[in-house]
Amino acid sequence: MQNICFDVIVVGGGHAGCEACAAAARVGAKTLLITHKKSTIGEMSCNPAIGGLGKGHLVREIDALGGLMAQVIDKAGIQFRMLNASKGPAVRGPRAQADRDLYKKYMQEALISQKNLTILEDAVEGLFFDGNILGGVVLQDGTTIKAKTIILTSGTFLNGIMFIGHQTSIGGRVGDVSCSGITPYLKNKGLKIGRLKTGTPARLDGKTINWNILDVQSGDDVPQPFSFLTEKITNPQINCHITHTNEKTHQIIRDNFSKCALFSGLITGIGPRYCPSIEDKLVKFADRTSHQIFLEPEGLNTDVVYPNGISTSLPADVQEQFIHTMKGLENVDIIRPAYAIEYDYVDPQELDNRLSVKKIPNLFLAGQINGTTGYEEAAAQGLVAGVNAALVSMGRKDVFTIDRSEGYIGVMIDDLITKGVDEPYRMFTSRSEYRLFLRADNADMRLTEKGWQIGCVDENRYSVFKEKKTKIDAFRDFAKSQNVKFSDLQSMGIEISHDTSKRSAYNLMSYHDVSRETIKQIWPDISNVETSVYEQVEIEARYSGYIKRQLADIEVFKKDENLHLQENIDYSQIGGLSREMVAKLSKVKPSTIGEASRIPGVTPAAITAILGYVKK
């Protein structure tokens, strides 16, 4: 294989790597995925779930662009819930519990059947440079495999160290080795490297949990698929359960703070703020006497249970003590203790909006190596890196970027490359200024055409999208053309303001207290409209005023995004910029005025100075 030159090599078979290699291959690049173990491709290293608030948006966008994650979770999901279902559509988040084994099975099947993709089981320990040009990877045995572009999706494997109390071991995940060879190559090229931390809770034996005394958390009565291609969820659906920590739990943990790797100084990396360890919670929320713990089964044919909310780096014996203080877990058997893991990451300000390394243009990075946390964030980056690596390797001049106004993927990448990270980055709906437009339900309407134009969306998905769009456009036109007299609405008991003599169906759909059933009484033909089509038009009608204003804001945003900056601008030559401004701009090298304006600390006055310089 060393004599073969690939277009794209993807290093790592996690969620970023899976989407990256599949996307590159879909675009048409001859792609090689190199992973430590073929058996762990698509492994859910931490929680057995996909989606959530903000994260669910990312999964829908991945799907709209032809990615794999949504279709795989639809086949592997064993409990589906729409979070924030009672709130507005902008903040609703689809989430699903997964059968771990099924998720891996279906992800591996998807990759094995992917045209243009080869999978190699081996370890990459270095990068091969032909002069200053990156030309391939070096395997553990010294073999070189050449490629035009490389994508690193190393997750927590770069110099990964695992901690259980003061006991440490080398590895990127329990049962897997670490990778120590790549970091020196990156440092040698001048990339800024840091350390971050994450963790995973103990695994419990479900046969020894007293389920009868626990609160039940059930899924939705009608599971809603993630993928726009999935018609129905067919897996059996299960319940999760809820327990709580208590004051006795907290006292045991506090009494053993000195044994915790996090507080004893062994771990220097910063952990995820929004998914803290249990000891972190006790420090940050010292007034809380209890924390909710979700007991999530890891599959249909296993007794392993994931206790979501008690990740820790305390010693195994202390873990056993505090876990046994919780309701329903008094006699539980611990299958595997929790551990924390610290690993190398690259400052994402080293990247451009294609996820290409500025100092090594044919090297792309995706996933936790960029300072993010979560399967969904990793997968979304993998897709963008995969498409762009393929385009570069095939000599195509077009680029694939998503900006903040187009998708949450764009919000995430823009946040990473302009702001950098000082803790693992997690997606939330609150990060988007255009969230009423960037909803999970309309991801295909926003992005599938874009994916089709670049080549990462296949004909089947595109035809489904076109058919749906045609139906939405037709129903919208129908709803706007159908009118009813105000007097007829009064006779039906519908109370609305009497400012015109008529109301259209589209207008009535904007009223929260006018149901679809009521509208069907007036226009029976609406009974034949598919639910997904009706809901899209209803959301448009209900939020039309807000969406119109948001679209106007997007137009203003686009003007700044269209003002491109040359990469070789010498900011020290621009009058009116302080040394601090010059340093920030020179580090990030923004590609547009919009990107420059979002760099923390860059002032409006600085942007004015840059604009004046560019115009000259």
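Keep in mind the model is a prediction, meaning the values are calculated, not measured.

## Some points on the layout of surface pockets
Empty space among the atoms becomes visible once a probe the size of a water molecule is rolled across them.
So, point 1. Size it by volume and the second largest pocket reaches roughly 1,400 Å³.
So, point 2. The wall of the second largest pocket is formed by 48 residues, among which Q224, K468, T531, S532 and E535 lie closest to the centre.
So, point 3. At the level of secondary structure, the elements contributing two or more residues to the lining of the second largest pocket comprise α2 (55–64), α11 (443–454), α12 (459–481) and α16 (531–542).
So, point 4. The element best represented in the lining of the second largest pocket is α16, accounting for 9 residues.
So, point 5. Partitioning the lining of the second largest pocket into residue classes produces 19 nonpolar, 11 polar and 18 charged.

## Remarks on the sheet that holds strand β3 (residues 49–51)
So, point 1. Read across the sheet, 3 strands follow the order β3-β5-β4 without closing on themselves; strand pairing throughout is antiparallel. Each end of this open sheet is capped by a strand with a single partner; those strands are β3 and β4 (77–83). Between one strand axis and the next, the sheet turns through 20 degrees on average, direction left out of account.
So, point 2. Judged from the 3 bridges that link them, β3 and strand β5 (residues 93–98) form a sheet pairing that is antiparallel. Along β5, the bridge assignment pairs A49 with Q97.

## Section: the sheet that holds strand β16 (residues 292–297)
Adjacent strands of a sheet pair through backbone hydrogen bonds, lying either parallel or antiparallel.
So, point 1. Spatially, β14-β15-β16-β17-β13-β18 is the arrangement adopted by the 6 strands of the open sheet, whose pairing is antiparallel. Because the sheet does not close on itself, it has two edges, and the strands there are β14 (215–217) and β18 (334–336). Sheet twist, expressed as the mean angle between neighbouring strand axes with direction ignored, is 40 degrees.
So, point 2. Relative to β18, strand β13 (residues 203–205) runs antiparallel, the two sharing 2 bridges. Bridging from a neighbouring strand, R203 pairs with R336 of β18.

## Some thoughts on helix α17 (residues 544–561)
So, point 1. The end-to-end C-alpha distance of α17 is 25 Å, a good match for the 26 Å that 18 residues give at a rise of 1.5 Å each.
So, point 2. Those residues of α17 not exposed but buried are I547, Q550, I554, F557 and E561. Looking straight down α17, one finds its buried side chains confined to an arc of 70 degrees; they lie on one side. Pointing more than 90 degrees away from the buried face of α17 are the exposed residues K548, R549, E555, V556 and K559.
So, point 3. Of the surrounding elements, those touching the buried residues of α17 are α16 and α19 (593–597).

What counts and how
Residues numbered from 1 in each chain as written. Predicted model: local features only at pLDDT ≥ 70, side-chain atom pairs only at ≥ 80, totals over all residues. Heavy atoms only, no water. 1 Å grid on protein atoms, 1.4 Å probe; cavity = no way out; pocket = protein on both sides within 12 Å on 5 of 7 lines; lining within 4 Å. Points joined across faces, edges and corners; volume = space filled by probe spheres on them. Helix = DSSP H or I, 4+ residues; strand = E, 2+ residues; numbered from the N terminus. Nonpolar A, V, L, I, M, F, W, Y, C, P; charged D, E, K, R; others polar. Pairing = 2+ DSSP bridges. Axes fitted to C-alpha atoms, helices over the stretch in contact; angles between N-to-C directions. Expected span 1.5 Å × (residues − 1). Buried < 20%, exposed > 50% of the residue type's maximum accessible area, 1.4 Å probe, protein only. Arc of directions from axis to C-beta. Contact = heavy atoms within 4.5 Å.

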